[in-house]
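Below are the chains, spelled out letter by letter.
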Amino acid sequence: MEKTTVFNLIIIDESGSMSGARESVISGCNETIDVAKRIQHDHSDAQNSFVSIYAFQSQGPVESRYICKNIKAEDAFHIDHSHYDPHGLTPMLDAIGSTIVDLQAIAATHTDATAVVTIITDGYENASRRYSWQQVKKLISQVKELGWTVNFIGANIDVEKVADDLDIDSRMSFQSDAVGTRAMFSKMSNCMMADAKERILRESYSDL
């Protein structure tokens, strides 16, 4: 069976409103990294998995950036306070648009590639300059047609409306305090495990 290349991309809000959940975001990201490592270890014969984490904010001490970018899952490192420090506003559309364009270019260099993109925010878009709602919706629609999975996880906003506006089918709400954020990441990790097993089983049957 030919190995599938799986790109795991987490796009996470680093605006000031996330300050109260900073510890939970850091521990949750690390839990997610550990799950990606475990999935790769358990299914190394079927896939090559990569991890990216992109934190977005504006008017803070640092720009929106990749904390890690397309690192092999087995080599992915835990993040800490030096990597995630909430400040500023919420340029969500720019974050989604720029990272999906990046990932499209990388995935196109692989013969059998898919991606799982997860967007996490606790506030409404309020600072993007490069991408519009319509442009991001079009990008998401394009990658869904390629078989990518796109998830939207939100707090303190109308999650259903935002997900609809972006053409995202998989959506979930969470409470943006420390307890709610930990619970959200735990659920997200369980979903990652289940989705990976389902994808690998589906691909195994397609090879028969």
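Note: the structure precedes this text.
From a predicted model like this one, the values you see are computed outputs, not experimental measurements.

Caption draft 1: Broad picture of the pattern of salt bridges. Applying the stated criterion to the full structure yields 8 salt bridges. Across the pair arginine 171 and aspartate 164 runs a salt bridge whose closest N-O atoms are separated by 2.8 Å. Through salt bridges with shared partners, a single ionic network connects Lys144, Asp167 and Asp169.

Caption draft 2: Spatial organisation of the nonpolar core. The biggest cluster of nonpolar side chains holds 32 residues, and the ones touching the most others in it are Ile12, Val25, Ile53, Ile120 and Phe185. Looking at which element gives the most residues to this core, the answer is helix 1 (residues 22-42), with 7 residues. Not counting residues up to four positions away in its chain, the partners in contact with valine 25 are Ile12, Met18, Tyr84, Thr181 and Phe185. The next biggest cluster of nonpolar side chains, apart from the first, holds 30 residues, and it includes Phe56, Ile119, Tyr131 and Val143.

Caption draft 3: Structural context of helix 1. Over its 21 residues, helix 1 extends 30 Å from the first C-alpha to the last, a length consistent with the 30 Å expected when each residue adds 1.5 Å. Those residues of helix 1 not exposed but buried are Ser24, Val25, Ile26, Gly28, Cys29, Asn30, Thr32, Ile33, Val35, Ala36, Ile39 and Gln40.

Caption draft 4: Broad picture of the environment of aspartate 42. Checked against the element boundaries, aspartate 42 lands in helix 1. Taking the C-alpha atoms as reference points, aspartate 42 and lysine 197, separated by 155 residues in sequence, lie 9.9 Å from one another.

Caption draft 5: The arrangement of the side chain of threonine 114 in detail. Inspection of the secondary structure puts threonine 114 in strand 4 (residues 113-121). Side-chain polar atoms of threonine 114 contact the backbone oxygen of glycine 147, separated by 3.5 Å. Setting aside residues up to four positions removed in sequence, threonine 114 forms contacts with Thr4, Thr5, Val6, Phe7, Gly147, Trp148 and Arg199.

Cut-offs and rules
- Residues numbered from 1 in each chain as written.
- Predicted model: local features only at pLDDT ≥ 70, side-chain atom pairs only at ≥ 80, totals over all residues.
- Heavy atoms only, no water.
- Salt bridge = Lys/Arg side-chain N within 4 Å of Asp/Glu carboxyl O.
- Core = buried A, V, L, I, M, F, W, Y, C linked by side-chain atoms within 4.5 Å.
- Buried < 20%, exposed > 50% of the residue type's maximum accessible area, 1.4 Å probe, protein only.
- Helix = DSSP H or I, 4+ residues; strand = E, 2+ residues; numbered from the N terminus.
- Contact = heavy atoms within 4.5 Å.
- Expected span 1.5 Å × (residues − 1).
- Polar contact = N/O pair within 3.5 Å; in protein donor to acceptor, adjacent residues only side chain to side chain.

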